[in-house]
Amino acid sequence: MHWFDNADAIAPALPAIWLVRTGVNPRNLTERAALRRGTARQVLARQLGCREDDVVIDHDKAGRPLLALPETPGLHVSLATRAGGVAIGLAQHPLGVDVESVEARAIAPLDLLHPDEQRFLEATAPSIRPLVFARLWAAKEAYVKAIGTGFVRPPESFCVSLPSETRFNVFDPLSGAGHQGELRLMKNGGQDVLAAAAIVLD
């Protein structure tokens, strides 16, 4: 998986993830959606060799973003926005990306976590617990985006583990399968620290 922090970067191969610091602070969901879509059109136009005006992002019946134009059969896209940071994922298989703010004073909603995740988080040093929770939650959201359910699928119904600072594993008892994804940290404007996660389902 290729990772980039520049909207103008062109990936030599897929899958690829762009983490773009926009410097913009959206005030509401409408502004977040506009920032996400505009940044994605810029990235995808560069990657696909077309004009931004030629890129049309639509959504399927489940709400997942899809590349309507230019017509590129077999390409999958995933988008996320948080605190002015935008994540764009492009792959030849279903994928999910997410970014979450590391909130130093936030209390993690343990009841939304799988029991193994709860135990892992409770055993984590308090000083790094906000970062660990942000990584866990970003990984969980990336996974439900990849499978196309969003959090219609209860977040506590599958388990994420964090074997390293750059990798995560998902075990889904409904499919009986395990999957691996990647993690990154992103500092947006020197103030917000964002945890990013991406997963591609082969």
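Note: the structure precedes this text.
First, a word on scope: everything that follows refers to the structure included in this document. (Residues numbered from 1 in each chain as written. Predicted model: local features only at pLDDT ≥ 70, side-chain atom pairs only at ≥ 80, totals over all residues. Heavy atoms only, no water.)

## Concerning the overall build of the protein chain
Line of reasoning, step 1. In terms of helices and strands, the protein chain carries three helices and eleven strands.
Line of reasoning, step 2. Across the protein chain, helices and strands are ordered from the amino to the carboxyl terminus as β-β-α-β-β-β-β-β-α-α-β-β-β-β.
Line of reasoning, step 3. Relative to the globule expectation of 17 Å for 202 residues, the C-alpha radius of gyration of the protein chain, 16 Å, shows essentially globular dimensions.
Line of reasoning, step 4. In terms of overall dimensions, the protein chain has C-alpha extents of about 50 × 40 × 30 Å along its principal axes.
Line of reasoning, step 5. Per-residue burial for the protein chain yields a buried fraction of 43% across its 202 residues.
Line of reasoning, step 6. For the protein chain, the proportion of contacts with a sequence separation of at least 24, taken over those separated by at least 6, is 49%.
Line of reasoning, step 7. Of the roughly 10300 Å² of accessible surface on the protein chain, a fraction of 51% belongs to carbon and sulfur atoms.
Line of reasoning, step 8. Here the protein chain holds 21 positive side-chain charges and 23 negative ones, and the gap between their average locations is 2 Å. (Helix = DSSP H or I, 4+ residues; strand = E, 2+ residues; numbered from the N terminus. Rg over C-alpha atoms; globule rule 2.2 N^0.38 Å. Buried < 20%, exposed > 50% of the residue type's maximum accessible area, 1.4 Å probe, protein only. Contact = heavy atoms within 4.5 Å. Areas by Shrake-Rupley, 256 points an atom, 1.4 Å probe, with all protein chains shown as cover. Lys, Arg positive; Asp, Glu negative; His and termini not counted. Charge placed at Lys NZ, Arg CZ, Asp CG, Glu CD.)

## Things to note about the side chain of Q47
Line of reasoning, step 1. Relative to the helices and strands, Q47 is located in helix α1 (residues 29-48).
Line of reasoning, step 2. Reaching out from Q47, the side chain makes a polar contact with the backbone nitrogen of A11 at a distance of 2.7 Å.
Line of reasoning, step 3. Sequence-distant contacts of Q47, that is, excluding residues within four places in its chain, are made with A9, I10, A11, L14, W18 and L90. (Polar contact = N/O pair within 3.5 Å; in protein donor to acceptor, adjacent residues only side chain to side chain.)

## As for unusual backbone geometry
Line of reasoning, step 1. Across the junction of L14 and P15, the peptide omega takes the value 10 degrees, indicating a cis bond.
Line of reasoning, step 2. Secondary-structure assignment places P15 in the loop between β1 (2-4) and β2 (16-21).
Line of reasoning, step 3. Across the junction of L69 and P70, the peptide omega takes the value -5 degrees, indicating a cis bond.

## Some thoughts on the nonpolar core
Line of reasoning, step 1. Counting 21 residues, the largest nonpolar core has V160, L162, F168, V170, A197 and I199 as the members making the most contacts within it.
Line of reasoning, step 2. When contributions to this core are tallied by element, the ones reaching two or more residues are α3 (129-147), β9 (167-172) and β11 (192-200).
Line of reasoning, step 3. Broken down by element, the residue count for this core peaks at ten residues, all from α3.
Line of reasoning, step 4. Look past the residues within four positions of V170 in its chain and what remains in contact with it is Y143, F158, C159, V160, A177, G178, H179 and I199.
Line of reasoning, step 5. Residues F4, A7, A9 and L67 belong to the second largest nonpolar core, which totals 20 residues. (Core = buried A, V, L, I, M, F, W, Y, C linked by side-chain atoms within 4.5 Å.)

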